[in-house]
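Below are the chains, spelled out letter by letter.
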Amino acid sequence: MRTTPPGPATTRRRWRRIASAATATAALLLTGLTTAAQAQTADTGTAKVTWTRSCALPRHHGEMACNALRVTGGRTAFQQQHGISARAADASSPTGYGPADLRSAYGLTSAAAGNGSGRTIAIVDAYDDPNAESDLAAYRSHYGLPACTTANGCFEKVGQTGSTTSLPSADSGWAGEISLDLDMASAICPNCHILLVEAKSSSMTNLGTAVNEAVSLGAKYVSNSYGGGESSSDASYDSAYFNHPGVAITVSAGDAGYGAEYPAASKYVTAVGGTRLTTSATTRGWTESVWRTSSTEGTGSGCSSYDTKPAWQTDTGCAKRMIADVSAVADPATGVSVYDTYGADGQGWATYGGTSASAPIIASVYALAGTPSTGSYPSAFPYANTSALNDVTSGSNGSCTTSYFCTARTGYDGPTGLGTPEGLGAFTG
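Residues numbered from 1 in each chain as written. Predicted model: local features only at pLDDT ≥ 70, side-chain atom pairs only at ≥ 80, totals over all residues. Heavy atoms only, no water.

**A short note on the overall build of the chain**
No. 1: When helices and strands are counted, the chain shows 11 helices and 21 strands.
No. 2: Restricting to contacts in the chain with at least 6 residues of sequence separation, those with at least 24 account for 75%.
No. 3: Accessible area for the chain stands at about 14,200 Å²; split by element, carbon and sulfur atoms hold 50% of it. (Helix = DSSP H or I, 4+ residues; strand = E, 2+ residues; numbered from the N terminus. Contact = heavy atoms within 4.5 Å. Areas by Shrake-Rupley, 256 points an atom, 1.4 Å probe, with all protein chains shown as cover.)

Right, dumping it as structure tokens:
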């Protein structure tokens with residue numbers, strides 16, 4: 001997370017919690033390594049799942065952190081569902097949910113088969129993943145998805161100014177993030193084109209420049225899986241980078257539990273929270289609750305200290321922008337399969353979680369739903385059709401004085417917003 005200037009007491013307390021959780025990683029961070037030294041744990045019911053942050057915590061003001069969490073051990077919900085022991089799991093085969101699971105959970109099976117042709121999802125991340133295209137090919141081939149390559153015009157990778165040859169330096173941690181994002185876009189909208197825009201660093205200025213480039217290149221759906229603390233600069237960032245009418249821009253709500261992050265707090269984006277997703281005997285076949293593992297690990301949410309409230313957001317406890325709008329799976333213990341081969345962490349198949357998974361999922365649902373109307377702000381769409389969402393009513397991501405800021409309830413709540421997709425109805429307009 002980026003360092004913020006002094007702000008409201010709640011914001012300062014939240015970033016102190018993150019700093020405390022990061023103490024064990026300090027030695028590695030000082031030597032430039034990109035992964036956290038100490039994994040977190042979650043209980044999937046019969047076994048512990050451990051994971052580590054994919055990207056290093058930022059060291060300078062204005063930097064963003066990616067919200068990807070890579071599973072390092074234990075037995076995921078997918079493994080339990082399919083009778084795969086923790087000892088038998090390795091990087092040669094998937095250990096997390098795949099495309100069929102995600103489409104089933106969110107009522108997207110038919111739409112994924114028939115929709116998306118000619119539509120482009122942009123993935124905005126920092127630094128270069130040299131193996132992005134080949135890893136994407138491996139993921140799509142394994143799951144029987146159509147090829148998406150530079151040669152067939154489906155995939156394109158550019159730097160933040162649009163160059164296909166002048167790319168940023170490579171980074172192993174952000175490469176894992178990139179693989180996660182590309183794979184989730186493929187899982188939900190296999191017929192969509194994918195544009196990867198790589199910022200030259202993890203600063204908000206460079207990432208924002210990459211967002212603008214994605215839009216200028218024609219993307220109507222832009223996924224951002226990173227965040228940092230709020231600041232008085234956010235209003236200027238809003239107008240400079242995120243005010244793109246007619247474009248669905250999604251942003252991760254964060255992975256450090258209760259507390260508002262930027263750019264999820266931007267009034268121009270769809271802020272995406274995270275859930276724990278497991279199979280069930282219900283008609284839907286799946287059940288979800290708020291993702292929370294500990295006081296410093298779980299989906300972000302909260303009332304912004306700086307960003308104004310958009311007209312379509314009608315909760316009364318927060319006078320400014322409330323996070324989140326909608327949600328999708330993010331708990332690493334119920335995480336998704338990703339294929340990544342770059343750097344020390346890239347050994348092949350891995351399971352990932354974090355709201356870095358949920359943001360590209362929701363961007364891809366927007367893509368399945370169709371081109372947003374001219375002049376619209378797609379973050380408003382779910383508020384106009386709440387019946388087309390799975391209302392998540394259980395769980396909490398921390399402690400707060402206004403209950404719905406951190407605790408699920410019927411209807412709108414901070415951690416899961418209005419709910420998770422049940423088809424496309426909440427994402428059209």
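**Quick look at the pattern of salt bridges**
No. 1: One pass over the full model with this rule turns up seven salt bridges.
No. 2: Taking the shortest distance from any N to any O, the salt bridge between Asp325 and Arg321 comes out at 2.7 Å. Across the pair, exposure class does not vary: Asp325 and Arg321 are buried alike. (Salt bridge = Lys/Arg side-chain N within 4 Å of Asp/Glu carboxyl O. Buried < 20%, exposed > 50% of the residue type's maximum accessible area, 1.4 Å probe, protein only.)

**Let's talk about the state of the cysteines**
No. 1: The final tally for this structure, using the stated rule, is five disulfides.
No. 2: Linked covalently through their sulfurs, Cys148 and Cys154 form a disulfide whose S-S length is 1.9 Å. Taking the torsion about the S-S bond as the criterion, the Cys148 to Cys154 disulfide, at about -85°, is left-handed.
No. 3: Take Cys154: its relative accessible area is 8%, and that puts it in the buried class.
No. 4: Each sulfur in the disulfide pair Cys400 and Cys406 lies 2.1 Å from the other. Looking along the S-S bond of the Cys400-Cys406 disulfide, the torsion reads about -80°, which is the left-handed sense.
No. 5: Among the residues examined, Cys400 registers a relative accessible area of 22% and is labelled partly exposed. (Disulfide = S-S within 2.5 Å.)

**Focus: the side chain of Thr299**
No. 1: In this structure, Thr299 sits in the loop between strand S14 (297-298) and strand S15 (302-308).
No. 2: One polar contact links the side chain of Thr299 to the main-chain amide nitrogen of Gly274, over a distance of 2.8 Å.
No. 3: In this structure, Thr299 is in contact with Ala253, Gly254, Gly257, Tyr258, Gly273, Gly274, Val290, Trp291, Thr355, Asn397 and Pro415, ignoring residues within four places of it in sequence. (Polar contact = N/O pair within 3.5 Å; in protein donor to acceptor, adjacent residues only side chain to side chain.)

**A closer look at the environment of Ala77**
No. 1: Locating Ala77 in the fold gives a position in helix H3 (residues 77-81).
No. 2: Linking Ala77 and Thr334, residues 257 residues apart in sequence, is a C-alpha distance of 5.0 Å.

**Details of helix H9 (residues 234-242)**
No. 1: Asp234, Tyr237, Asp238, Tyr241 and Phe242 are the residues of H9 that are buried. Taken end-on, H9 shows its buried residues confined to a sector of 110°, consistent with a single buried face. Facing away from the buried side of H9 by over 90 degrees, the exposed positions are Ala235 and Ser239. (Arc of directions from axis to C-beta.)

**Some points on the packing of helix H8 (residues 204-216) against H9**
No. 1: At a minimum axis distance of 8 Å, the contact between H8 and H9 shows a crossing angle of 30°. In terms of axis orientation, H8 runs roughly parallel to H9. Taken together, the residues of H9 that come into contact with H8 (itself represented by Met204, Thr205, Gly208, Thr209, Val211 and Asn212) are Tyr237, Ala240, Tyr241 and Phe242.
No. 2: Classifying every residue of the contact of H8 with H9 gives six nonpolar, four polar and no charged. (Axes fitted to C-alpha atoms, helices over the stretch in contact; angles between N-to-C directions. Parallel < 35°, antiparallel > 145°, perpendicular 65-115°, else oblique. Nonpolar A, V, L, I, M, F, W, Y, C, P; charged D, E, K, R; others polar.)

**With respect to H8**
No. 1: Across its 13 residues, H8 extends 18 Å between first and last C-alpha, which sits within 8% of the 18 Å expected from 1.5 Å per residue.
No. 2: Regarding H8, the residues found buried are Met204, Asn206, Leu207, Gly208, Ala210, Val211, Glu213, Ala214 and Val215.
No. 3: Lining the buried residues of H8 we find strand S5 (120-126), strand S6 (155-159), strand S7 (193-199), strand S8 (221-224), strand S9 (226-227) and H9.
No. 4: A positive phi of about 105° marks Gly218, the residue just after H8. (Expected span 1.5 Å × (residues − 1).)

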